[in-house]
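# Summary of the model geometry
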Amino acid sequence: MTFEELIVEESKKEYYIQLMKYVSDEYHSHKCYPSFDDIFNAFKFNDINKIKVVILGQDPYHEPFQAHGLAFSIVDGRPLPKSLINIYKELYDDLGITRLTGDLSSWAKQGVFLLNTVLTVREHEAGSHRNHGWEIFTTRVIEELNKDDSPKVFLLWGNDAIQKKSFITNEHHLVITSAHPSPLSAYRGFFGSKPFSKINNFLQSNNLTPIDWE
């Protein structure tokens, strides 16, 4: 099943119909992120069998000019959010790589699927679109990724993401969990977790091209 087929299939279900009505109402009555056209941006770079890494977060950045539909990524040229600063700190400590741009599209183009458990948010209100159906949809996405036998690394950051672990049962895949990179939790197991080298070691052990994180 392709992502396009999955979205079409889900769009016929009652939860998804209600979710889209809720999202549409929210975007008409409040400032929400990412832009409406970017909600499914993460799905546009690769299809299921081309994905090598799934980085799963919580919900999009909720401040202006940041979120553009890729988890943890921001619109190019904007100041780095604190969570992304911590991700880059761990990237440097792990592999000695320094990144300056906050746009992670270059990762997405290499088969890194940057997904949040909830795909939209109201401005200034973190978690405001939780429990309206996005979690059901993103669980379906994880289930389809799990079915594909192409070896993948699932990187689950934070409790919301870790709740998806039970849906990843395929022995071909590697699951890595840690605290969220947010300043509120990064010191509880995110720093020092060395996820980037673990991912590339797994990919190389499965004869796959490692990710160029730089």
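Since the structure is predicted, the reported quantities are computational estimates derived from the model, not experimental observations. (Residues numbered from 1 in each chain as written. Predicted model: local features only at pLDDT ≥ 70, side-chain atom pairs only at ≥ 80, totals over all residues. Heavy atoms only, no water.)

### Considering the pattern of salt bridges
- Taken as a whole, this structure holds 12 salt bridges when the rule is applied.
- Between Glu143 and Arg140 there is a salt bridge whose closest N-O contact spans 3.2 Å. Here Arg140 and Glu143 lie together in helix H5 (residues 134-147), a separation of 3 residues that amounts to about one turn.
- Taken together, the shared-partner salt bridges in this structure form one network comprising Glu9, Glu10, Lys13, Arg140, Glu143, Glu144 and Lys147. (Salt bridge = Lys/Arg side-chain N within 4 Å of Asp/Glu carboxyl O. Helix = DSSP H or I, 4+ residues; strand = E, 2+ residues; numbered from the N terminus.)

### A word on the packing of helix H2 (residues 14-29) against H5
- Two elements in contact, H2 and H5, have axes separated by 9 Å at closest approach and are oriented at 125 degrees. In terms of axis orientation, H2 runs oblique to H5. Pair H2 / H5 crosses with left-handed handedness. Contacts between H2 and H5 involve Tyr15, Tyr16, Leu19, Met20 and Val23 on the former and, on the latter, Trp134, Ile136 and Phe137.
- In terms of residue class, the contact of H2 with H5 is built from 8 nonpolar, no polar and no charged. (Axes fitted to C-alpha atoms, helices over the stretch in contact; angles between N-to-C directions. Parallel < 35°, antiparallel > 145°, perpendicular 65-115°, else oblique. Left-handed = near helix turned anticlockwise from the far one by under 90°. Contact = heavy atoms within 4.5 Å. Nonpolar A, V, L, I, M, F, W, Y, C, P; charged D, E, K, R; others polar.)

### A few points about helix H1 (residues 3-11)
- Within H1, the full set of buried residues consists of Phe3, Leu6 and Glu10. The buried residues of H1 occupy an angular sector of 60 degrees when projected down its axis, which confines them to one face.
- Lining the buried residues of H1 we find H2, strand S3 (112-116) and H5. (Buried < 20%, exposed > 50% of the residue type's maximum accessible area, 1.4 Å probe, protein only. Arc of directions from axis to C-beta.)

### Examining the nonpolar core
- Counting residues in each nonpolar core, the largest one holds 64 residues, and the members touching the most others are Phe43, Trp107, Phe113, Phe137 and Leu145.
- Considering every element that reaches this core, the biggest residue donor is H2, with 6 residues.
- Those residues within four positions of Phe113 in sequence are excluded, and the remaining contacts are Phe3, Ala42, Phe43, Ile51, Val53, Val54, Ile55, Val141 and Leu145. (Core = buried A, V, L, I, M, F, W, Y, C linked by side-chain atoms within 4.5 Å.)

### Observations concerning the environment of Ser182
- Relative to the helices and strands, Ser182 is located in the loop between strand S6 (174-178) and helix H7 (195-205).
- Distance from Ser182 to Leu84, taken between C-alpha atoms, is 8.2 Å for residues 98 residues apart in sequence.
- If sequence neighbours within four positions are ignored, Ser182 has contacts with Ser83 and Asn86.

### Examining the pairing of strand S5 (residues 153-157)
- In terms of burial, S5 is largely enclosed, as 5 of its 5 residues are buried.
- What you see with S5 is no split at all: Val153, Leu155 and Trp157 on one side and Phe154 and Leu156 on the other are buried throughout.
- With 4 bridges joining them, strand S2 (residues 53-57) and S5 adopt parallel strand pairing. In the sheet register, Leu56 faces S5, and the bridge partner there is Leu156.
- Two elements, S5 and S6, share 5 bridges in a ladder whose sense is parallel. The residue of S6 that forms the bridge with Leu155 is Ile176. (Pairing = 2+ DSSP bridges.)

### A few points about the environment of His28
- As for its position among the elements, His28 is in helix H2.
- Taking the relative accessible area as the measure of exposure, His28 reaches 71% and is therefore exposed.
- A distance of 2.8 Å separates a polar side-chain atom of His28 from the backbone oxygen of Ser24. (Polar contact = N/O pair within 3.5 Å; in protein donor to acceptor, adjacent residues only side chain to side chain.)

### Observations concerning the pairing of S3
- Buried residues dominate S3, accounting for 5 of its 5 residues.
- The alternating pattern of S3 places Val112, Leu114 and Asn116 on one face and Phe113 and Leu115 on the opposite face, and all of these are buried.
- Both S2 and S3 contribute to a ladder of 5 bridges, which runs parallel. Counted as the bridge partner of Leu56 is Leu115 from S3.

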